[in-house]
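Take a look at the letters that make up each chain.
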Protein chains: 2
Amino acid sequence: MSTVAAKREISSAENDELSREAKRPKADDKNGEEGGNESEWENVLSTFTTSSVLSDSAREKIMFVHGKIADHDAVVVLEKTPIREDSLAELFRGSKLRLELRNDIYSSYRLQAPPHLNEIKTTVVCPATEKHVKKYKRQESFLVEETGEDYRSITLPYIQEQSLSLQWVYNILEKKAEADKIVHDDADPEVGFVLLPDLKWDQKQVDDLYLIAIVRQKDIKSLRDLSSEHLPLLQNVFQRGKEAILQRYNLPASKLRVYLHYQPSYYHLHVHFTKLGYDAPGCGVERAHLLSDVIQNLQTNPQFYKSRTLHFPLRADDGLLRRFKEAGRL
Amino acid sequence: MSTVAAKREISSAENDELSREAKRPKADDKNGEEGGNESEWENVLSTFTTSSVLSDSAREKIMFVHGKIADHDAVVVLEKTPIREDSLAELFRGSKLRLELRNDIYSSYRLQAPPHLNEIKTTVVCPATEKHVKKYKRQESFLVEETGEDYRSITLPYIQEQSLSLQWVYNILEKKAEADKIVHDDADPEVGFVLLPDLKWDQKQVDDLYLIAIVRQKDIKSLRDLSSEHLPLLQNVFQRGKEAILQRYNLPASKLRVYLHYQPSYYHLHVHFTKLGYDAPGCGVERAHLLSDVIQNLQTNPQFYKSRTLHFPLRADDGLLRRFKEAGRL
């Protein structure tokens, strides 16, 4: 089962970057389901050649595949889509079944469904770098203990050296990309944020609702940078985020799990909104911090996250883990 | 998360009954994939009428549906099959894709696969009794906000009225039951505890390791009763528990997630030890509290858990949820 978690972390690290998919209008969806305009369909993967399976989960029906498209390295993520209640009637009517076993009142079949009722969500990273490949590869995790001092002497220098591009985040904030996917946009430079669906969510059902709020302030890397001066920002994201989700998806706050990750997968402050009861990747106590707790902690101690010892998992191949080892902290 | 856990129990309970599936010879599989003898295919579900979706999991791509086949009550379980490495080449060659979004090196598609490469495992229980239907039914959860005052005026009186028997806990502590399972026994009346495998763990592999430490002090109901006077107890459980697991299972502390539940499922203080990377039921941030955080919180504020506002999920049929509603707190 560690397999699954490791993979999900990979998935979330990557998918966080990928995750803002448009809410398509019903008419368009319907069109797609019926086959739609044939010219809309293509097969960029017909020439894809597989090098190896980087990781997979039988429980979650997901697979990360490394290979080549033309001369380019590529990573393809295949994930079966959730079963949709609104397509059950058509599914039962239009499928073929083959009996596998019968025992008393129980019987089991293989069911072949019409393709448009049984799609596979496919994400392509191309050209993919060595780093992408490594990131998707199944890896063991280790729990790291980080004091405030560890953060300043080990983690912060490491983050600064890496300085991964946040261009895709700025594209979203400036509406240069994925503008049509935005669920809520608060333009205030101090407390404003953009709320949009995470890529992991196919938006076909509210059961696995997953949205991300990206704050407009650009200098907050993570939980560690927060102090009481950010309370108005955090409270605004919490309040307006919940209101926007109620309005758009008819889901009240009592059905939401609202949290930050530490370590986050990218160092620009963002908040996760997932449906309570949906076992979202990365919602485990070892990585997630409820926004309501973060707010209470900062209200009690304005510098709470400067001094608090925090625990989080790091993958075996994470450069930051090596730094902790080198510093004798593992 | 309780929802999902409940579902897993159903799912695995049910699948156990159904899982004696014949390993079909390759040739037959191949035949089936190609369409096979058409007479082998049927559609017993073409006349199935859906009454309701009992439960589902978007993450696991599974759905439990209640309905009727002819005049009989039936439950149909649909679960998408894992992606198979040995069919990747055919899948990439034979599928249609439709672009959903493109941003930088990332693109996302809907993929329609040939039906024989993308089957749905279908289990039919027919005729199904009332009991089957109830067993598969999901209970929704709601996130409750409990202030210190709510605890004293709503939760505590409720717990006291219920006064569920803890005899099974005392049997363990007194070695009247499950004595042969004990991994570590610390007899000290103040800081002592018994460590033993949780019932959920079959102990067949360390991947899903799950142990419980039950403290010897009998008057600590939950997190809410903890104060700084319990720090020696908590530190002893943390330290000796980790040591015992290293010794018995060769698993170091960096591979462990150590936490308490709030609300717990029984009101005698106990601590969960699960393997990091194992997505254990109840390890979500909305219910789990890392023991290392609990210790830090009590070190900072001896009465931390008397005043802290805590959030936790309650199932729709939980009597405590009704009390919160009656008190106008939901």
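Per an unreviewed UniProt entry, chain A goes by m7GpppX diphosphatase and derives from Ataeniobius toweri. The annotation that UniProt attaches to chain A under Catalytic activity (unreviewed entry) is "a 5'-end (N(7)-methyl 5'-triphosphoguanosine)-ribonucleoside in mRNA + H2O = N(7)-methyl-GMP + a 5'-end diphospho-ribonucleoside in mRNA + 2 H(+)". For chain A, the Sequence similarities (unreviewed entry) comment in UniProt is given as "Belongs to the HIT family."

It helps to recall that an α-helix has 3.6 residues per turn; residues three or four apart then point in one direction. Residue and element names in this part refer to chain B. Among the residues of helix 10 (residues 319-326), Gly-319, Leu-320, Leu-321 and Phe-324 are the ones counted as buried. Buried residues along helix 10 sit against strand 8 (141-146), helix 5 (148-162) and strand 15 (310-315). Where helix 10 begins, the capping side chain belongs to Asp-318, and its oxygen is found 2.8 Å from the backbone nitrogen of Leu-320. Of the residues trailing helix 10, Gly-328 is marked for its positive phi of about 70 degrees.

Residue and element names in this part refer to chain B. Running from N to C, helix 5 and helix 10 point in directions that differ by 145 degrees, and their axes come no closer than 10 Å. The handedness of the crossing between helix 5 and helix 10 comes out as right-handed. Of helix 10, the residues touching helix 5 (which contributes Asp-150, Ile-154, Thr-155, Tyr-158 and Glu-161) are Gly-319, Leu-320, Arg-323 and Phe-324.

Residues and elements named next belong to chain B. Strand order across the open sheet formed by six strands is 9-10-11-13-12-14, with antiparallel pairing between neighbours. Of all strands in the sheet, those with a lone pairing partner are strand 9 (184-186) and strand 14 (288-290), marking the two edges. Across the sheet, the mean angle separating the axes of adjacent strands is 25 degrees when strand polarity is ignored. The pairing of strand 12 (residues 256-261) with strand 14 spans three bridges and is classified as antiparallel. Counterpart to Leu-260 in the pairing with strand 14 is His-289. Lying on the sheet, helix 7 (residues 231-249) is in contact with strand 9, strand 10 (193-197), strand 11 (210-215), strand 12 and strand 13 (270-275); it crosses strand 10 at an angle near 40 degrees. Its contacts with the sheet place helix 8 (residues 291-300) against strand 12, strand 13 and strand 14, and it is angled at close to 65 degrees to strand 14.

We now examine the pairing of strand 12 of chain B. The side chains of a regular strand alternate between the sheet's two faces. Residues and elements named next belong to chain B. Where burial is concerned, most of strand 12 is hidden: six out of the six residues are buried. Burial along strand 12 is two-sided: Leu-256, Val-258 and Leu-260 facing one way and Arg-257, Tyr-259 and His-261 facing the other are all buried. Sheet topology note: the strand 12/strand 13 ladder contains four bridges and is antiparallel. Within strand 13, the residue paired with Tyr-259 across the bridge is His-272.

This part is about the environment of Leu143(A). Here Leu143(A) lies in strand 8 (residues 141-146). When the C-alpha positions of Leu143(A) and Glu286(A) are compared, they lie 8.1 Å apart, and in sequence the two are 143 residues distant. Excluding residues that lie within four positions of it along the chain, Leu143(A) makes contacts with Glu286(A), His311(A), Phe312(A), Pro313(A), Leu330(A), Ser254(B), Leu256(B) and Leu276(B).

Another aspect to go through is unusual backbone geometry. Put simply, Cys126(A) and Pro127(A) share a cis peptide bond, and its omega is 0 degrees. One non-glycine residue with positive phi stands out, namely Lys61(B), at about 55 degrees. Relative to the assigned elements, Lys61(B) resides in the loop between strand 2 (49-57) and strand 3 (62-69). A residue is classified by how much of its surface remains accessible, and Lys61(B), at 1% relative accessible area, is buried. Residues other than glycine seldom take positive phi values, yet Glu178(B) does so here, at roughly 60 degrees. Tracing the backbone through its elements, the reader meets Glu178(B) in the loop between helix 6 (167-173) and strand 9.

The subject of this paragraph is the packing of helix 7 (residues 231-249) of chain A against helix 8 (residues 291-300) of chain A. All names here are of chain A. Helix 8 packs onto helix 7 with a crossing angle of 155 degrees between their chain directions and a minimal axis gap of 10 Å. One way to sum up the angle between helix 7 and helix 8 is to call them roughly antiparallel. In this structure, helix 7 meets helix 8 at a crossing whose hand is left-handed. Contacts between helix 7 and helix 8 involve Leu-231, Leu-234, Gln-235 and Phe-238 from the former and Leu-291, Ser-292, Val-294, Ile-295, Leu-298 and Gln-299 from the latter. Residues that form the contact of helix 7 with helix 8 fall into these classes: seven nonpolar, three polar and no charged.

Turning our attention to the side chain of His230(B). All names here are of chain B. Tracing the backbone through its elements, the reader meets His-230 in the loop between strand 11 and helix 7. Among the residues examined, His-230 registers a relative accessible area of 8% and is labelled buried. In contact with His-230, other than residues within four places in its own chain, are Gln-217, Ile-220 and Asp-225.

Another aspect to go through is the environment of Tyr262(A). All names here are of chain A. Take Tyr-262: it is sitting in the loop between strand 12 (256-261) and strand 13 (270-275). A relative accessible area of 0% places Tyr-262 in the buried class. Tyr-262 sits 39 residues away from Leu-223 along the chain, and the two C-alpha atoms are 6.8 Å apart. The residues contacting Tyr-262, other than those within four sequence positions of it, are Glu-146, Tyr-151, Thr-155, Ser-222, Leu-223, Arg-224, Glu-286, Arg-287, His-289, Leu-310 and Phe-312.

Parameters and conventions
- Residues numbered from 1 in each chain as written.
- Chains lettered and ligands numbered in written order.
- Predicted model: local features only at pLDDT ≥ 70, side-chain atom pairs only at ≥ 80, totals over all residues.
- Heavy atoms only, no water.
- UniProt positions renumbered as here; feature names shortened; annotations may be inferred.
- Buried < 20%, exposed > 50% of the residue type's maximum accessible area, 1.4 Å probe, protein only.
- Helix = DSSP H or I, 4+ residues; strand = E, 2+ residues; numbered from the N terminus.
- Contact = heavy atoms within 4.5 Å.
- Polar contact = N/O pair within 3.5 Å; in protein donor to acceptor, adjacent residues only side chain to side chain.
- Axes fitted to C-alpha atoms, helices over the stretch in contact; angles between N-to-C directions.
- Left-handed = near helix turned anticlockwise from the far one by under 90°.
- Pairing = 2+ DSSP bridges.
- Parallel < 35°, antiparallel > 145°, perpendicular 65-115°, else oblique.
- Nonpolar A, V, L, I, M, F, W, Y, C, P; charged D, E, K, R; others polar.

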